[in-house]
Amino acid sequence: MRYDIVQRPRRLRYSAALRALTNETHIRVDDLVAPFFVRDGTGIRNPITSMPGQHQLSIDTLLEEVAVHVNLGIKAVLLFGIPLHKDATGSDNYDHNGIIPRAIRSLKAQFPELLVISDLCFCEYTDHGHCGIINTPDQPAYQPNLPIGYLLNDVTVELLAKAAVVHAQAGADIIAPSGMLDGMVEVIRLGLDNAGLSHISIMSYAVKYASAFYGPFREAAESPPAFGNRHQYQMQPTNRREALREAALDIAEGADMIMVKPAATYLDIISAVRATVEVPVAAYHVSGEYAMIHAAAERGWLDLRASAMESLIAIKRAGADIIITYFAKDVAQWLREGND
Ligand code: PBG
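Below: a short report on this structure. (Residues numbered from 1 in each chain as written. Predicted model: local features only at pLDDT ≥ 70, side-chain atom pairs only at ≥ 80, totals over all residues. Heavy atoms only, no water.)

For the second largest pocket, the calculated volume is near 240 Å³. Forming the boundary of the second largest pocket are 19 residues, of which Gly 53, Gln 54, Glu 65, His 69 and Lys 329 lie nearest the centre. At the level of secondary structure, the elements contributing two or more residues to the lining of the second largest pocket comprise β1 (32–39), β3 (55–57), α2 (59–71), α9 (287–298) and α11 (328–337). Here the element with the most residues in the lining of the second largest pocket is β1; it accounts for four residues. Looking at the lining of the second largest pocket residue by residue, the class counts come to nine nonpolar, six polar and four charged. (1 Å grid on protein atoms, 1.4 Å probe; cavity = no way out; pocket = protein on both sides within 12 Å on 5 of 7 lines; lining within 4 Å. Points joined across faces, edges and corners; volume = space filled by probe spheres on them. Helix = DSSP H or I, 4+ residues; strand = E, 2+ residues; numbered from the N terminus. Nonpolar A, V, L, I, M, F, W, Y, C, P; charged D, E, K, R; others polar.)

Lining the immediate environment of the ligand, one finds 18 residues, of which Arg 218, Arg 230, Lys 261, Ser 287 and Tyr 326 sit closest. Arg 218 places a polar side-chain atom, nitrogen or oxygen, 2.6 Å from an oxygen atom of the ligand. Interatomic distance of 2.7 Å between a side-chain N/O atom of Ser 287 and an oxygen atom of the ligand. Compared with its free state, where it exposes 390 Å², the ligand has 100% of that area covered by protein. When its residues are assigned to classes, the shell around the ligand shows ten nonpolar, three polar and five charged. (Near = heavy atom within 4 Å. Polar contact = N/O pair within 3.5 Å; in protein donor to acceptor, adjacent residues only side chain to side chain. Areas by Shrake-Rupley, 256 points an atom, 1.4 Å probe, with all protein chains shown as cover.)

Here the structure, examined in full by the defined rule, presents twelve salt bridges. The residue Asp 31 makes a salt bridge to Lys 316 at a minimum N-O spacing of 2.9 Å. Of this pair, Asp 31 sits in the loop between α1 (16–21) and β1 while Lys 316 is found in helix α10 (residues 304–318), placing the two residues 285 residues apart along the sequence. On the basis of relative accessible area, Lys 316 is assigned to the buried category, the value being 18%. (Salt bridge = Lys/Arg side-chain N within 4 Å of Asp/Glu carboxyl O. Buried < 20%, exposed > 50% of the residue type's maximum accessible area, 1.4 Å probe, protein only.)

Taken together, Met 1, Tyr 3 and Ile 5 make up a surface patch of nonpolar side chains, about 430 Å² in accessible area. Following the sequence through the fold, Met 1 ends up in the segment before α1. For Met 1, a relative accessible area of 89% gives the class exposed. (Patch = residues over 30% accessible without salt bridge, like charges linked within 9 Å, V, L, I, M, F, W, Y side chains within 5 Å.)

Turning to α11, its buried residues are Ala 328, Asp 330, Val 331, Ala 332 and Trp 334. Considering only its buried residues, α11 is in contact with β1, α10 and β10 (322–325). Phi turns positive, to about 90°, at Gly 338, one or two residues after α11. (Contact = heavy atoms within 4.5 Å.)

Written out as structure tokens, the structure is:
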């Protein structure tokens, strides 16, 4: 029996070599950014229970762990600090001897070629766990016309610029403001330029949703908000047009790269942003996205490597140029081992 089927896409699928030849989407080790959580002390490797394989590290163990990544070809890291001391203004974040500036100096001394990206958010540094200064009558920035509990935008942005300069002076290559505050990129850009740091780039968390998938991160960074939630500054997950607005604003303010976060649950947003901007787009495969793959794999319900790679490929296929992922080390290893 003969059929008149002319178009047979399966012709390109029958062998591994043909599939490799016609593969449209590749993840390279150069695309990856590995996040780390750093705290004071020595010899610390506190496992983060909801993020198997991830730890809170002290600077010495951070250097060891980063060495493993560098040997696997990873070229960029993103740092989060857990300070000894938290206060209302998150002062450890803009202290030259704060945890992050010290970590950056140590990293750059040992790995001068490594790209160090510094997350600027205040939520790990404030005693209330919010991403900036909160409007309360007991503090100097109090503004009676604004609601109590409101995150004070403009004073916070000034502090972000101050922290950006401190981190860049310590050796950070890229500043990544994650607070979703209005005008943050512009004020940070001005701050860096005025400090003679015009070569330092800004990767803005331009499109950051108020997501339930950040849950494990808040355990890792010890940064859950003490009251309320982040809905007054992070975007509501229902909104797509607003993502394009946020992206356009940050680029107009001088962002060199922009980020969409979370990633695998926001592929439409990555794709829409990629189609409308000319700068590199990063996507952050966040803690909850990592945790759920691990949780299912632990139960034997999913294959860890296959489902992690499929998720990251989806992020790349949607248009992300850069992927920030807790799977970075695993992926670098898997890429070395070759296709399965
Ligand atoms: C800081 C920040 C968060 C994440 C990155 N930077 C947490 C939050 O906004 O609550 C989340 C990253 C992750 O879940 O992996 N604001």
